[in-house]
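The chain contents come next:
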Amino acid sequence: MSSLVSTSHLQLAAFALGTVGWILCTVSMGIVEWRVWHVDNTTIISSGIAWVGIWKVCFISYLHVSPGYKEQFCHKFSGYDSSIPHEIYAAQGLLLIAMFMGLLGLTATIFALRNICMGITHKTVITRFFLVGGFFYVFAGLCVLIPVSWNFYSVMHNQSIAFPPSSYMPSSPAAQEAGAAIPIGIVAVILLLLSGTFSLSYRLPVTANTITKF
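Cut-off values and rules
- Residues numbered from 1 in each chain as written.
- Predicted model: local features only at pLDDT ≥ 70, side-chain atom pairs only at ≥ 80, totals over all residues.
- Heavy atoms only, no water.
- Pairing = 2+ DSSP bridges.
- Helix = DSSP H or I, 4+ residues; strand = E, 2+ residues; numbered from the N terminus.
- Axes fitted to C-alpha atoms, helices over the stretch in contact; angles between N-to-C directions.
- Contact = heavy atoms within 4.5 Å.
- Salt bridge = Lys/Arg side-chain N within 4 Å of Asp/Glu carboxyl O.
- Buried < 20%, exposed > 50% of the residue type's maximum accessible area, 1.4 Å probe, protein only.
- Phe/Tyr/Trp six-rings, centres within 6.5 Å; stacked < 30°, edge-to-face > 60°.

## Topic: the sheet that holds strand E3 (residues 56-60)
In step 1: Taken together, five strands build an open sheet; the order of strands is E4-E3-E2-E1-E6 and the sheet is antiparallel. What marks the edges here is a single partner per strand, and that holds for strand E4 (72-76) and strand E6 (175-178). When strand polarity is set aside, the average angle formed by the axes of neighbouring strands in this sheet is 20 degrees.
In step 2: Across the face of the sheet, helix H4 (residues 125-156) comes into contact with strand E1 (35-38) and E6 while running at roughly 150 degrees to E6.

In C-alpha cells form, the structure reads like this:
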C-alpha cells in the first residue's frame, strides 16, 4: 500500500486541481460578466455599463426594472434569438459539457484513489481509471478553452451584437472589455489541463505490495 500511495502524489494533486478547476468552470458559466459594454446613451442604461453573459444581458436602469432585481434589468436569451452570436450559444453548450465531463473525471479519480488507499487493485483498473479521469479532465479543459478564447477574441475586436428590441440594448458598444468570467475560465482551463496531464502520467508500480483481485 505504501508503494502505491508514494506513486500517486501527482494524482492527488490532479484531484485537487481538477476539483478547483471544475468549480471555476461552474462559476464562469453562472456569472453574467463575460463582456462589459460601455455605451454612450444612458437614457435607459443609466450607468452606461451593460454586462453581457452567455445566458442573459443585464444593466442598471431607472426606467425599466425587472422583478426581483431592484434597479437591475436583465434580458434572458432564448433559443429563438437568432441574432445572438454563435460564440454565446457555443459557450452555453460547451460549458455544460465541460461541467459534466469534469464531474466524470472527478468520479474516476476518486475511485482510483480509493483503491490506492485501500491497497487493492484489480489488475490495471487503477491505471485505467486514472487514464479515463485524465481524458475527461483534458476534454473538459478544451470545452472551456474554446468559448473563453472565442469570446475574448470578440471582445478584443469590439464585435457588435444585434440584440432584439426587448433587451433595450444597442447593437454595438462605444467600447467593451473582458468581464470576470473570462479570466476565471482561463484559470479553469489551466487547472483542468494540468489535472488531466497529472492523471494521465500515472503508472502502476510492478513491484507494489498489493492485494490483487482477479
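Still more to cover.
## Things to note about the pattern of salt bridges
In step 1: Under the defined criterion, the tally for this structure stands at one salt bridge.
In step 2: One salt bridge in this structure joins Glu87 and Arg35, with 2.7 Å as the shortest N-O distance. Residue Glu87 is found in helix H3 (residues 86-118), and its partner Arg35 is found in strand E1; the two are separated by 52 residues along the sequence. In this structure, Glu87 and Arg35 share a single accessibility class: buried.

## A closer look at the packing of aromatic side chains
In step 1: Using the criterion set out here, one finds seven aromatic pairs in the structure.
In step 2: Judged by centre distance (5.4 Å) and plane angle (70 degrees), the ring pair of Trp37 and Phe163 falls under edge-to-face. With a gap of 126 residues between them, Trp37 in strand E1 and Phe163 in the loop between H4 and E6 connect regions that are remote in the sequence. Across this residue pair, the class does not change: Trp37 and Phe163 are buried.
In step 3: Aromatic side chains Phe111 and Phe129 sit 4.4 Å apart centroid to centroid with 40 degrees between the ring planes, which places their arrangement in the tilted category. Residue Phe111 is located in helix H3, and its partner Phe129 is located in helix H4; the two are separated by 18 residues in the primary sequence.
In step 4: Phe111 sits in the partly exposed class, given a relative accessible area of 32%.
In step 5: Among the aromatic residues, those joined into a ring-pair cluster are Trp37, Phe77 and Phe163.

All quantities given are derived from atomic positions and should not be read as evidence of function.
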